[in-house]
Amino acid sequence: MRSVRIWHRNYGRTLLWFRNASSSSSSSPGQASSGKASSGKASSGKASSGKASLKGGTASITDGVESQSHHTPKAPATPRRVSISDIRRMTKRGVPITALTAYDYPSAVHADLAQIDMVLVGDSVAMVELGRETTQSLTMEEMLHHTKAVMRGAPRSLVIADMPFGSYQLNPEQAMGNAYRVIKETGAGGVKMEGGVPIKECVRRVVQGGIAVLGHTGLLPASVSAIGQYRSFGKNAKEAIAITEDALALQDAGAFAIVLECVPERVAQFVTDKLDIPTIGIGAGQGTSGQVLVYHDVLGMLQHPHHAKVTPKFVKRYAACAEFIQEGLEMYKKEVKSRTFPSEEYCPYEIPDKEWEMLVGHFANTALVMPPRDLIKNKASLSKAKGKANRTREKARKSKTPIAEEEEPPLSVN
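Within any chain, residue numbers begin from 1 and follow the written order of that chain's sequence. Note on the predicted model: pLDDT of at least 70 is required for a residue's local features to be given, and 80 or more for side-chain atom pairs to be given and counted; whole-chain, interface and lining totals, by contrast, use all residues. To get the side-chain values, all heavy atoms of the structure are used, and hydrogens and water are removed first.

A. Spatial organisation of the environment of Val191. Going along the chain from the N terminus, every DSSP run of H or I of four or more residues is numbered as a helix, and every run of E of two or more is numbered as a strand. One can find Val191 in strand β4 (residues 190-194). Between buried and exposed lies partly exposed: a residue is buried under 20% and exposed over 50% of the maximum accessible area for its type, with that area taken using a 1.4 Å probe on protein chains only. With a relative accessible area of 0%, Val191 lands in the buried category. As for Val191 and Ile160, which are separated by 31 residues in sequence, their C-alpha atoms are 5.2 Å apart. Contacts were defined at the residue level, with two residues in contact if any of their heavy atoms lie within 4.5 Å. In this view, Val191 contacts Ile160, Ala161, Met163, Val182, Ile183, Val206, Ile211, Ala212, Val213 and Leu214; residues no more than four positions away in its chain are not counted.

Laid out in structure tokens, this is it:
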């Protein structure tokens, strides 16, 4: 009991020391030292050896606490999402901006893990994910659906959602209403709007409403029916002037950046030099502030037939996922057809022989239907079950209990 009382007394002194230390941490060094001195006076009635042991004990305890706190694992901090301000700072510092499309949770996860700065939920989802001929038929509901999935998969990247064709061109109020839907229902960091001078006031209204807008000029895929085909723009002075005027109009309307698609490198560099906001190129050379590509193009995944026939010349394939995917699927089909999958390695679940016999015996007088794999895999236990079933039938025969013939098909391992 005496040892227990001593332990409690020392423990109480240790707690007192911690309280004094924590209270003196916010004071000046002189105050801290005076605090320690007063603490020493409080224990003046004790033996000097006791003081020494107490000091040594507290030193070892504090060392242990420091060591423990140093090695205690901390929960991973929630990554800070890239903001519009970050994009602007990158441009000022001359740091290229990385952008990539993503259309679902898995692609967003991979883009975010790669620390892509900006993830664009493009209306190209209509072609590369939904198998349509153009992007024009994409609805607002479909865009909201895909953007929500991308937001769940990309907690770090700045996510921008495309405004579907026809969702903002009518008037500024239509643009404002649909832009609010995108932001409120998905939590995206902004919207992208294709066009230039004709949609300037629509862009201005959305920005005034508090929503970041990424502009888009050069090739406008959503206007393919008016253009006639997907092609480059800016190869002549008239088109280059129009692209420059569109970019300046978007900047004046408040866009935080502009995508330049399928534009000659010199034209893209010229437009970039004219602007105070970043430019994101896709097929526009190195003169832009950053680059964006389609997820499926970068990874070499199987795409819509349009892309298979007319692969953009500016696309660099960084992986060949399509070949691996196709090879894997064909191998899976072959193994299922040949019954080599699932092999024993991929059949982890077992039923004990005793339980198996009870199962077979329970249905001995009724139709017994078992998968061929189970019959082959449990021949030994099946033989025992057969014997038990035969004995059950024999007892039933002696007791003159009728058994319907159609209810007892012969057991077989074939």
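B. Main features of the pairing of strand β5 (residues 213-218). β5 sits mainly inside the fold: 6 of its 6 residues count as buried. The alternating pattern of β5 places Val213, Gly215 and Thr217 on one face and Leu214, His216 and Gly218 on the opposite face, and all of these are buried. Relative to β5, β4 is paired through 4 bridges, and the arrangement is parallel. By the bridge assignment, Lys192 is partnered in β5 with Leu214. In this fold, the crossover linking β4 to β5 by way of helix α9 (residues 200-208) has right-handed handedness. Sheet topology places β5 next to strand β6 (residues 257-261); 5 bridges connect them, and they run parallel. Strands are labelled as partners when DSSP assigns at least two bridges between them. Place the viewer so that the strands point away; then a crossover is right-handed whenever the path from the first strand over the helix to the second strand goes clockwise.

C. Spotlight on helix α15 (residues 321-337). By this rule, a helix spans an expected 1.5 Å times one less than how many residues it contains. With 17 residues, α15 extends 24 Å between its outermost C-alpha atoms, agreeing within 8% with the 24 Å of an ideal straight helix rising 1.5 Å per residue. Two residues or fewer after α15 comes Arg339, characterised by a positive phi angle close to 60°.

D. Focus on the packing of aromatic side chains. For Phe, Tyr and Trp, where Trp contributes only its six-membered ring, two rings pair if their centres lie within 6.5 Å, and the inter-plane angle classes them as stacked under 30 degrees, edge-to-face over 60, or tilted in between. Using the criterion set out here, one finds 2 aromatic pairs in the structure. Plain terms: the ring middles of Tyr332 and Phe341 are 6.2 Å apart, the flat faces sit at 65° to each other, and that makes the pair edge-to-face. According to the relative accessible area criterion, Tyr332 is exposed, its value standing at 51%. Pairing Phe341 with Tyr346 gives two aromatic rings, centres 6.0 Å apart and planes at 50°, and the pair type is tilted.

That's the geometry; what it means functionally is another story.
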